[in-house]
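# Structure assessment
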Amino acid sequence: MGTERRDRQKDQHRQHQESVRAELKRQQQRRNLMGGAALVAVIAVIGVAAWALWGGDDTVSTASGTTVADATGQTASDAPCPPAGGTDERITSFDGPPRECIDPSKEYSAEFVTSAGNFTASLDAQAAPTTVNNFVVLARSHFYDGIPFHRVVPDFVIQAGDPTDTDDLTQLGAGGPGYTIPEEPPTDGVYDTYDLAMAKTQEPNSTGSQFFVVTGDPAPLNSSPTYSLFGTVTDGKNVVDAIGNAPVGGPNGDTPEKPVTIESVQITEK
């Protein structure tokens, strides 16, 4: 009887350890959408660190203009909208969220020109007008030019959008455009493979410039549907897959060994 009791205790302990490891993996995946070392929060029970998205960033040039208060209490920039063909200079820091520069009744798409090939995503300006407007303004300001995919979580997501100027990808994940906007998560709470969404912190109204493409099982996202869903990849899924299957390493096991860089994001309006 004593042997049977010990066997049951060992089996219970093994099952508990497997459950903890599974939860750690789920929390690690969520953490990977949030970024670097601006803020550390301890998650109850299992003590997994959740890293906030924002921190310092290097500025190439700065948009300027008068500001007005927006719905979130931030000051929204009154700077002119960037031309459809893009600004003359690259802008990576702004004095506030952008003014409305898109027509939500029109159709928008974004072609991502990367060092690994090109892929195109349709943007849903009706479901996520604030997010699409923000992304279009950043793209037309050449914000994403030269930015790497700094995080690749196998069978989950590829993430980019930190303008920090560094060759050490492990240091990325905390940079943004200098402002945040409210989230526009899917109304049905469902994300799917090849969806295009924005990274954020655990706090509301913390979306900025970092985005991700879902490359695998979206279950961790669907269990916490708080990320702005604003598009889906329509062409070049093989390129997305190639980026998602690239060898990774680093302290979190999600840093690409060979950087994949965004050369440009070209917006089409119809």
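Structure shown above.
The paragraphs below set out a description of the structure included in this document.

## Quick notes on the packing of aromatic side chains
Overall, the coordinates contain 11 aromatic pairs when judged by the stated rule. With a centroid separation of 5.2 Å and 80° between ring planes, the pair formed by F143 and Y144 is classed as edge-to-face. The class for F143 is buried, based on a relative accessible area of 0%. Taking the relative accessible area as the measure of exposure, Y144 reaches 0% and is therefore buried. Among the aromatic side chains, those forming a connected cluster through ring pairs are F112, F119, F135, F143, Y144, F149, F211 and F230. In this structure, K200 packs its charged tip against the face of Y227, placed 5.8 Å from the ring centre.

## A short note on helix α2 (residues 129–140)
With 12 residues, α2 extends 16 Å from end C-alpha to end C-alpha; this agrees with the ideal 16 Å at 1.5 Å per step. Of all 12 residues making up α2, 10 are buried, and the element is well covered by its neighbours. Every buried residue of α2 is listed here: T131, V132, N133, N134, F135, V136, V137, L138, A139 and R140. At the exit of α2 stands H142, carrying a positive phi of roughly 60°.

## Topic: the sheet that holds strand β8 (residues 157–160)
Pairing is antiparallel across the open sheet formed by 8 strands, whose spatial order is β7-β8-β10-β9-β11-β6-β5-β14. Looking at strand neighbours, the two that pair on one side only are β7 (149–153) and β14 (262–269), the edges of this open sheet. Shown here is a sheet whose adjacent strand axes are inclined to one another by a mean of 25°, direction ignored. Here strand β9 (residues 195–198) runs beside strand β11 (residues 229–235); their pairing, made up of 3 bridges, is antiparallel. Opposite A197, over in β11, you have L229 as the bridge partner. Sheet strands touched by α2: β5 (108–114), β6 (117–123), β9, β10 (211–214), β11 and β14. Its angle to β14, the strand with the most contacts, is close to 125°.

## Looking at the state of the cysteines
This model, assessed by the stated rule, comprises 1 disulfide. In this model, C81 is linked to C101 through a disulfide, with the two sulfur atoms separated by 2.0 Å. For the disulfide bridge between C81 and C101, the dihedral angle about the S-S bond is near -90°, and by the sign convention the bridge is left-handed. Remark: C101 occurs in the loop between β4 (75–77) and β5 and C81 occurs in the loop between β4 and β5; sequence separation between them is 20 residues.

## Some words on the environment of P163
Inspection of the secondary structure assignment puts P163 in the loop between β8 and β9. Spatially, the C-alpha atom of P163 lies 9.2 Å from that of G173, the residues being 10 residues apart in sequence.

Basis of the calculations
Residues numbered from 1 in each chain as written. Predicted model: local features only at pLDDT ≥ 70, side-chain atom pairs only at ≥ 80, totals over all residues. Heavy atoms only, no water. Phe/Tyr/Trp six-rings, centres within 6.5 Å; stacked < 30°, edge-to-face > 60°. Buried < 20%, exposed > 50% of the residue type's maximum accessible area, 1.4 Å probe, protein only. Lys NZ or Arg CZ within 6 Å of the ring centre and 35° of its normal. Helix = DSSP H or I, 4+ residues; strand = E, 2+ residues; numbered from the N terminus. Expected span 1.5 Å × (residues − 1). Pairing = 2+ DSSP bridges. Axes fitted to C-alpha atoms, helices over the stretch in contact; angles between N-to-C directions. Contact = heavy atoms within 4.5 Å. Disulfide = S-S within 2.5 Å.

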